[in-house]
Amino acid sequence: MWKYIGTKECNEFLLSLNLINCKDDKKYIKTIYSISNNIEKNYKIYKIKKRNGKYRTIYEPNLILKQIQKQILNNILNNKSISKYAKAYHKGIQLKDNAIPHINKEMILKLDIKDFFENISFLDIYNSCFPIEYFPKSVGMILTYLCTYDNHLTQGSPTSAYISNLVMKEFDEELGNWCNLRNISYTRYSDDMTFSGAFNPSELITKVRKMLYKLGLELNNDKIHIVYKSSSQNVTGIVVNEKMQVNVKYRNKIRQEIYYIKKFGLSFHLKKCDINIDSKRYLNILYGRVLYVLQINENDKEFIKYRQFIENLKRQCKS
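Residues numbered from 1 in each chain as written. Predicted model: local features only at pLDDT ≥ 70, side-chain atom pairs only at ≥ 80, totals over all residues. Heavy atoms only, no water.

**Q** Before we go on, may I ask you to explain the packing of helix α1 (residues 7-16) against helix α5 (residues 137-146) in this structure?
**A** The angle between the axes and the distance between the axes are what describe a pair of packed helices. Following both chains from N to C, one finds α1 and α5 inclined at 45°, their axes separated by 9 Å at the closest point. One finds that α1 runs oblique with respect to α5. Between α1 and α5 lies a crossing whose hand is right-handed. Facing α1, whose interface residues are C10, F13 and L14, α5 presents S138, V139 and I142. In the contact of α1 with α5, the residues fall into five nonpolar, one polar and no charged. (Axes fitted to C-alpha atoms, helices over the stretch in contact; angles between N-to-C directions. Helix = DSSP H or I, 4+ residues; strand = E, 2+ residues; numbered from the N terminus. Parallel < 35°, antiparallel > 145°, perpendicular 65-115°, else oblique. Left-handed = near helix turned anticlockwise from the far one by under 90°. Contact = heavy atoms within 4.5 Å. Nonpolar A, V, L, I, M, F, W, Y, C, P; charged D, E, K, R; others polar.)

**Q** Just to check I follow, could you spell out the packing of aromatic side chains for this structure?
**A** The geometry of an aromatic ring pair comes down to the distance between the two centres and the angle between the two planes. If you walk through the whole model with that rule in mind, you get 15 aromatic pairs. An angle of 85° between the planes, with centres 5.4 Å apart, marks the rings of Y43 and Y149 as edge-to-face. Pair noted here: Y43 is in strand β1 (residues 43-49) and Y149 is in the loop between α5 and α6 (160-167), with a separation of 106 residues, a long-range link. Assessed through its relative accessible area of 9%, Y43 is described here as buried. Considering the side-chain rings of Y260 and F264, the 5.9 Å spacing of their centres and the 35° angle between planes classify their relative orientation as tilted. Taken as a pair, Y260 and F264 lie in helix α9 (residues 248-264) at a separation of four residues, close to a single helical turn. We classify F264 as partly exposed; its relative accessible area is 32%. One aromatic cluster is present, formed by Y259, Y260, F264 and F268 through successive ring pairs. For K262, the ring lying beneath its charged end belongs to F309, and the centroid distance is 5.1 Å. The ring of Y287 carries K314 above its face, with NZ or CZ at 4.2 Å from the centroid. (Phe/Tyr/Trp six-rings, centres within 6.5 Å; stacked < 30°, edge-to-face > 60°. Buried < 20%, exposed > 50% of the residue type's maximum accessible area, 1.4 Å probe, protein only. Lys NZ or Arg CZ within 6 Å of the ring centre and 35° of its normal.)

**Q** Just checking my understanding: could you explain unusual backbone geometry for this structure?
**A** Leaving glycine out, the prevailing phi sign among residues is negative, and the prevailing peptide bond configuration is trans. Positive phi, normally seen in glycine, also occurs at D115, with a value near 45°. Relative to the helices and strands, D115 is located in the loop between β3 (107-112) and α4 (122-129). The residue D150 is not glycine, and still its phi comes out positive at about 50°. Within the secondary structure, D150 sits in the loop between α5 and α6.

**Q** I keep staring at the pattern of salt bridges and nothing clicks. Help me out?
**A** Side-chain pairing between opposite charges can occur once the charged atoms of the two side chains come close. Summed over all chains, the structure comprises five salt bridges. Here D172 makes a salt bridge to R188, at a shortest N to O gap of 2.8 Å. Taken as a pair, D172 in helix α7 (residues 169-181) and R188 in strand β4 (residues 185-189) lie far apart in primary sequence, 16 residues in all. Judged by its relative accessible area of 0%, D172 falls in the buried class. Exposure remark for R188: the relative accessible area of 0% places this residue in the buried category. Between R255 and E302 there is a salt bridge; the shortest N-O distance is 2.6 Å. Placement of R255 in helix α9 and of E302 in helix α12 (residues 301-318) is noted, with a sequence separation of 47 residues between them. (Salt bridge = Lys/Arg side-chain N within 4 Å of Asp/Glu carboxyl O.)

**Q** Would you mind showing me how to read the packing of helix α2 (residues 25-37) against α5 here?
**A** Contact pair α2 / α5: the axes reach a minimum separation of 8 Å and the direction vectors enclose 60°. Taken together, the axis directions place α2 and α5 in an arrangement best described as oblique. α2 and α5 meet at a crossing whose hand is left-handed. Between α2 and α5, the residues in contact are I32, Y33, I35 and S36 and I142, Y145 and L146, respectively.

**Q** Honestly, the sheet that holds β3 in this entry has me stumped. Any pointers?
**A** Strand pairing in a sheet is mediated by backbone hydrogen bonds. Such pairs are either parallel or antiparallel. The sheet built from four strands is open, its strands ordered β4-β5-β3-β6 with antiparallel pairing. Of all the strands in the sheet, just β4 and β6 (225-228) have a single pairing partner and so form its edges. Averaged over all pairs of adjacent strands, the angle between strand axes in this sheet comes to 15°, irrespective of strand direction. Sheet topology places β3 next to strand β5 (residues 192-197); six bridges connect them, and they run antiparallel. Considered in β5, the bridge of D112 is made with D192. Contacting β4 and β5, α7 runs over the sheet at an angle of about 155° to β4. (Pairing = 2+ DSSP bridges.)

**Q** I would appreciate a short explanation of helix α11 (residues 279-296) in the present structure.
**A** Because each turn of an α-helix spans 3.6 residues, side chains separated by three or four positions end up pointing in the same direction. With 18 residues, α11 ought to run about 26 Å at 1.5 Å a step, and its terminal C-alpha atoms sit 26 Å apart, in line with that. Buried residues of α11: Y282, L283, L286, Y287, R289, V290, V293, L294 and I296, and no others. Between the side-chain oxygen of the N-cap and the backbone nitrogen of K280 there are 3.1 Å, and the N-cap of α11 in question is D278. (Expected span 1.5 Å × (residues − 1). Polar contact = N/O pair within 3.5 Å; in protein donor to acceptor, adjacent residues only side chain to side chain.)

So this is what it looks like as structure tokens:
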């Protein structure tokens, strides 16, 4: 389709994508080429400590690159469909959608993809997101450069999450179909894969390991967890043994704070617990946490009462 396309046509294609807000066509093209050819200079890199003591590298694009990536996400990537088994990073999907298929199952197997974003390569992204069927090759290459760092996907860019779903689409569909034939429920939330039902975990792990290997990915052997119904089955922070519920530690913390407010009053509670924010902001934060519990289980009568209690406090703060 693009066999006879030249530089002029490629530039016109780039202009049509509206990647930056610039009315000067020459300046627009010059900016896009300059950033894509010097991509490493347009990121701030820092590390944040994870719960296990290790560090996660974050690649934060500068303002203009972030604007470009948001336009790529909104104008190109969001128009591409992803697998129904992917339960993160797209509109209309909530955290509980990753948990619903695994409610009241005999066994849950949780697997993790090792160094997920870092091992999604430039070629993976080009082929999945900007292929020659829809983009001139040079344009597809430029768009891929604009979404990568050192030839891999980054944590911190607006485009990365959705790109990961597009790259994993065929994997998700093949694995999902394989699981369906065996009455196994499967979902993937970014690098976390969850399986539930009655099955041979060793067989499934071997299948997943082989499929990931074809993509240049591998399982994190330190994060293979099998949880039976006799224990608390947790899927992305949601307990699913019999019904969906936020874990007890999260709910108990809210219960404790509500108890102290009722016993001592809001102002004394904030002072006693050394909470250095104003009453309105604190109530908004606590209210959001209660709403999260009700989002997961809207029929929780206890937390419906907490919601009403906080709403009354918020009205008193306004008066």
